[in-house]
Amino acid sequence: MTKLIFEKTRQGRSGINLTNEKLNYDHIESKYLSTESRTILPEITELEVMRHYKELSDKNFCIEKGFYPLGSCTMKYNPKVNEILAGLEGFTEIHPLQDDDDVQGALKVMFNLQEALKEITGMDAITLQPAAGAQGELTGMMIIKKYFETIGEQRKNVIIPDSAHGTNPASAAMCGFNIIEIKSNENGLIDINELKSVLNNDTAGIMLTNPNTLGLFEENISEISKLVHEAGGLLYYDGANMNAIMGYTNPKLMGFDIVHINLHKTFSTPHGGGGPGAGPVGVTAKLKDFLPIPTIEYDGGKYIRKYDIKNSIGKVKAFYGNFSILVRAYAYILLMGKELKEVSANAVLNANYMMNKLKEHYLLPYSTKCMHEFVLSGEKQKENGVNTLAIAKRLMDSNFHPPTIYFPLIVHEAIMIEPTETETKERLDEFIEVMIEIAKEVETNPNDVLNHPIKTPVKKVDETLAARKPDLAFKI
Ligand SMILES: *Cc1c(COP(=O)(O)O)cnc(C)c1O
């Protein structure tokens with residue numbers, strides 16, 4: 001077992017010599033000063049600090065260590081040049097409160113990123129402020145709410161299909177909307193008749209992902225958007241996974257009014273572990289005046305932050321969003337240029353390749369061509385006593401991150417795989433081989449499969465206890 005850094009401490013041992021001089025704290029109000037005589041910090045040499053954190057980082061799984069087919073998460077490789085550019089002094093040594101004139105470069109990066117995202121989504125205006133996909137959804141819902149308030153209509157219902165990402169109903173509910181869930185049809189798509197039956201004067205809008213979370217493209221999207229607009233509602237596009245359609249179509253062409261995009265998925269900025277992300281929101285012209293303040297604009301001579309926006313919903317995040325994430329996404333878009341279209345082509349190709357190789361061994365509930373991801377079911381394996389969770393744990397011992405499991409909820413024992421475009425055919429083949437091997441193990445030796453993982457730093461855990469009674473804090 002790795003010891004905690006506090007357990008490695010030896011009194012008086014130090015990695016750094018601090019001055020004994022008395023520091024002057026006059027500029028800090030006394031109520032903010034600690035009255036404790038000594039802060040409890042580990043006392044450890046610099047070399048031991050390095051070893052400690054290296055050891056911890058080696059336990060981590062990351063894309064540089066292996067394949068990460070986590071469905072709906074787009075865990076692709078993020079080019080390192082993004083990091084170099086985001087680390088440039090001109091970006092890291094500025095402050096959000098500096099005058100527009102002092103930070104023209106930073107404002108230009110944000111403006112140009114907005115322009116690029118307008119092109120990709122087809123929308124007329126973009127805010128970069130939201131810090132995540134879910135916050136983008138909330139921003140979009142706030143805009144819808146304020147829009148109907150402004151035109152004097154009381155619309156309370158937001159329609160969401162049963163295949164939706166869980167954040168969709170959560171965001172709409174947080175905004176005070178009623179959620180009207182509609183069931184998918186036997187092809188995993190929106191049931192038009194069911195949609196018609198719930199549309200009325202109370203419909204504020206519909207939240208859709210296209211391709212949906214089954215990785216399937218809503219082929220009736222034009223009809224859907226026509227029906228919702230005729231009922232007076234707005235269409236919200238969950239564009240977390242734009243990597244499926246970039247350059248081929250866009251939410252505007254499909255009839256959507258609002259969209260959020262996850263820079264930390266499609267546009268290769270880091271994510272996971274609760275780190276910073278970005279969920280820019282795009283709107284059509286009629287909703288432009290509802291965007292959060294400030295908007296970043298170009299007045300013909302210079303880049304400015306505009307606070308005077310007629311119907312703005314206000315601020316949704318401090319300053320302008322997660323700036324260094326925006327730099328990374330902009331770097332990626334510049335790097336790829338027109339090849340962004342190939343990103344989507346290859347993401348879709350890789351997913352279809354895997355789907356076709358695996359469908360003989362695992363149940364494939366919806367067998368039409370998929371987009372960037374596909375969903376298998378572990379029901380066949382469960383009959384032999386090995387559920388999807390056990391398959392996921394078994395994969396870890398072959399140095400693969402498990403796919404997303406038990407989501408979307410409409411597929412029993414769901415195994416949701418998103419290979420992304422950054423993987424080679426050889427790597428995809430390795431994963432396919434291991435998945436087939438596991439399917440065979442389940443038939444010949446199911447009990448063995450249940451014993452995994454055995455090679456990971458933490459072995460098999462009690463899932464219920466781990467979730468209900470997490471013990472995360474070290475107390476002295
Ligand atoms: C990831 C994802 C979200 C949520 O994005 P966060 O940045 O994690 O808040 C919403 N919808 C879909 C379809 C997603 O894949």
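Just so we're clear, the structure is a prediction, and the values are computed from it rather than from any experiment. (Residues numbered from 1 in each chain as written. Predicted model: local features only at pLDDT ≥ 70, side-chain atom pairs only at ≥ 80, totals over all residues. Heavy atoms only, no water.)

**Some thoughts on the packing of aromatic side chains**
Okay, step 1: All chains considered together, the criterion is met by 12 aromatic pairs.
Okay, step 2: Ring centres of Phe-400 and Phe-431 lie 5.2 Å apart, and the angle between their planes is 85 degrees; on these two criteria the pair is classed as edge-to-face. Taken as a pair, Phe-400 in the loop between helix 13 (388-396) and strand 11 (404-405) and Phe-431 in helix 14 (residues 425-444) lie far apart in primary sequence, 31 residues in all.
Okay, step 3: According to the relative accessible area criterion, Phe-400 is buried, its value standing at 5%.
Okay, step 4: With a relative accessible area of 0%, Phe-431 lands in the buried category.
Okay, step 5: One aromatic cluster is present, formed by Phe-67, Phe-400 and Phe-431 through successive ring pairs.
Okay, step 6: Looking at Lys-341, its charged tip hangs above the ring of Tyr-248, at a distance of 4.8 Å from the centre. (Phe/Tyr/Trp six-rings, centres within 6.5 Å; stacked < 30°, edge-to-face > 60°. Helix = DSSP H or I, 4+ residues; strand = E, 2+ residues; numbered from the N terminus. Buried < 20%, exposed > 50% of the residue type's maximum accessible area, 1.4 Å probe, protein only. Lys NZ or Arg CZ within 6 Å of the ring centre and 35° of its normal.)

**Some thoughts on the pattern of salt bridges**
A pair can form between side chains of opposite charge whenever their charged atoms are brought close.
Okay, step 1: Counted under the stated rule, the structure contains 18 salt bridges.
Okay, step 2: Close ionic contact of Glu-48 with Arg-51 constitutes a salt bridge, the shortest N to O distance being 3.2 Å. Taken together, the residues Glu-48 and Arg-51, both in helix 1 (residues 46-59) and 3 residues apart, mark about one turn of the helix.
Okay, step 3: Given the relative accessible area of 33%, Glu-48 is considered partly exposed.
Okay, step 4: Given a relative accessible area of 48%, Arg-51 falls into the partly exposed group.
Okay, step 5: In this structure, Arg-394 engages Glu-441 in a salt bridge whose closest nitrogen and oxygen atoms are separated by 2.9 Å. Placement of the pair is Arg-394 in helix 13 and Glu-441 in helix 14, with a sequence separation of 47 residues. (Salt bridge = Lys/Arg side-chain N within 4 Å of Asp/Glu carboxyl O.)

**Some remarks on the sheet that holds strand 3 (residues 178-182)**
Okay, step 1: Spatial strand order, 1-7-6-5-4-2-3: 7 strands in an open sheet with mixed pairing. The open sheet has two edge strands, strand 1 (125-127) and strand 3, and neither has a second partner. Across the sheet, the mean angle separating the axes of adjacent strands is 20 degrees when strand polarity is ignored.
Okay, step 2: Sheet topology places strand 2 (residues 157-161) next to strand 3; 5 bridges connect them, and they run parallel. Looking at the pairing, Asn-157 lines up with Asn-178 of strand 3.
Okay, step 3: Across the sheet, helix 6 (residues 167-174) touches strand 2, strand 3, strand 4 (203-208) and strand 5 (234-239), and the angle it forms with strand 2 is around 175 degrees. (Pairing = 2+ DSSP bridges. Axes fitted to C-alpha atoms, helices over the stretch in contact; angles between N-to-C directions. Contact = heavy atoms within 4.5 Å.)

**Focus on the nonpolar core**
Okay, step 1: By size, the foremost hydrophobic cluster in this structure holds 58 residues, and its most contacted members are Leu-113, Leu-117, Leu-195, Ile-224 and Phe-267.
Okay, step 2: When residues of this core are traced back to their parent elements, those giving at least two are helix 4 (104-121), helix 7 (192-198), strand 4, helix 8 (221-230), strand 5, strand 6 (258-261), helix 10 (323-336) and helix 11 (340-358).
Okay, step 3: There are two domains that each give this core at least three residues, and those are domain 2 (81-338) and domain 3 (343-467).
Okay, step 4: Those residues within four positions of Leu-195 in sequence are excluded, and the remaining contacts are Ile-159, Ile-182, Ile-190, Ile-206, Ile-224 and Leu-227.
Okay, step 5: Listed in part, the 27 residues of the second largest apolar core include Phe-67, Tyr-362, Phe-431 and Met-435. (Core = buried A, V, L, I, M, F, W, Y, C linked by side-chain atoms within 4.5 Å. Domains from an automatic or database assignment.)

**A few points about the domain arrangement of the chain**
Okay, step 1: Considered domain by domain, the chain is made up of domain 1 (5-59), domain 2 (81-338) and domain 3 (343-467).
Okay, step 2: The straight-line distance from the C-alpha centre of domain 1 to that of domain 2 is 42 Å.

**What to know about a nonpolar patch on the surface**
Okay, step 1: There is a patch of nonpolar side chains on the surface, built from Leu-23, Tyr-25, Ile-28, Tyr-32 and Leu-33 and spanning about 490 Å² of accessible area.
Okay, step 2: Summarising the element assignment, Tyr-32 is placed in the segment before helix 1. (Patch = residues over 30% accessible without salt bridge, like charges linked within 9 Å, V, L, I, M, F, W, Y side chains within 5 Å. Areas by Shrake-Rupley, 256 points an atom, 1.4 Å probe, with all protein chains shown as cover.)

**Topic: helix 13**
Think of an α-helix as turning once every 3.6 residues; residues three or four places apart then point the same way.
Okay, step 1: Most of helix 13 is tucked away, with 7 of its 9 residues classed as buried.
Okay, step 2: Along helix 13, the positions that sit buried rather than exposed are Thr-388, Ala-390, Ile-391, Ala-392, Lys-393, Arg-394 and Leu-395.

**What to know about the sheet that holds strand 10 (residues 374-377)**
Okay, step 1: Taken together, the 3 strands give an open sheet; going across it, the order is 10-12-11, and neighbouring strands pair in antiparallel fashion. At either margin of the open sheet sits one strand with a lone partner, and together these are strand 10 and strand 11.
Okay, step 2: Strand direction decides the pairing type here: strand 10 and strand 12 (residues 414-417), joined by 4 bridges, are antiparallel. Bridging across to strand 12, Phe-374 finds its partner in Ile-417.

**Structural notes on the site of the ligand**
Okay, step 1: Neighbouring residues of the ligand: 13 residues in total, closest Ser-72, Gly-133, Asp-238, His-264 and Lys-265.
Okay, step 2: With respect to the ligand, the side chain of Asn-262 contributes an N or O atom lying 3.1 Å from an oxygen atom.
Okay, step 3: Contact distances for the ligand include 2.6 Å between an oxygen atom and a side-chain N or O atom of His-264.
Okay, step 4: Taken by itself the ligand offers 380 Å² of open surface, and the protein chains cover 86% of this. (Near = heavy atom within 4 Å. Polar contact = N/O pair within 3.5 Å; in protein donor to acceptor, adjacent residues only side chain to side chain.)

**Overview of the side chain of Asn-78**
Okay, step 1: Among the secondary structure elements, Asn-78 is positioned in the loop between helix 1 and helix 2 (80-86).
Okay, step 2: Among all residues touching Asn-78, those that are not within four sequence positions of it are Ser-268, Thr-269 and Pro-270.

**A word on the packing of helix 5 (residues 133-150) against helix 6**
Okay, step 1: As a packed pair, helix 5 and helix 6 sit with axes 9 Å apart at the nearest point and diverge in direction by 40 degrees. Compared by their axis directions, helix 5 and helix 6 come out oblique. Between helix 5 and helix 6 lies a crossing whose hand is right-handed. Here helix 5 contributes Ala-134, Glu-137, Leu-138 and Met-141 to the contact with helix 6, which in turn contributes Thr-167, Asn-168, Ser-171, Ala-172 and Met-174.
Okay, step 2: Per-class residue counts for the contact of helix 5 with helix 6 are 5 nonpolar, 3 polar and 1 charged. (Parallel < 35°, antiparallel > 145°, perpendicular 65-115°, else oblique. Left-handed = near helix turned anticlockwise from the far one by under 90°. Nonpolar A, V, L, I, M, F, W, Y, C, P; charged D, E, K, R; others polar.)

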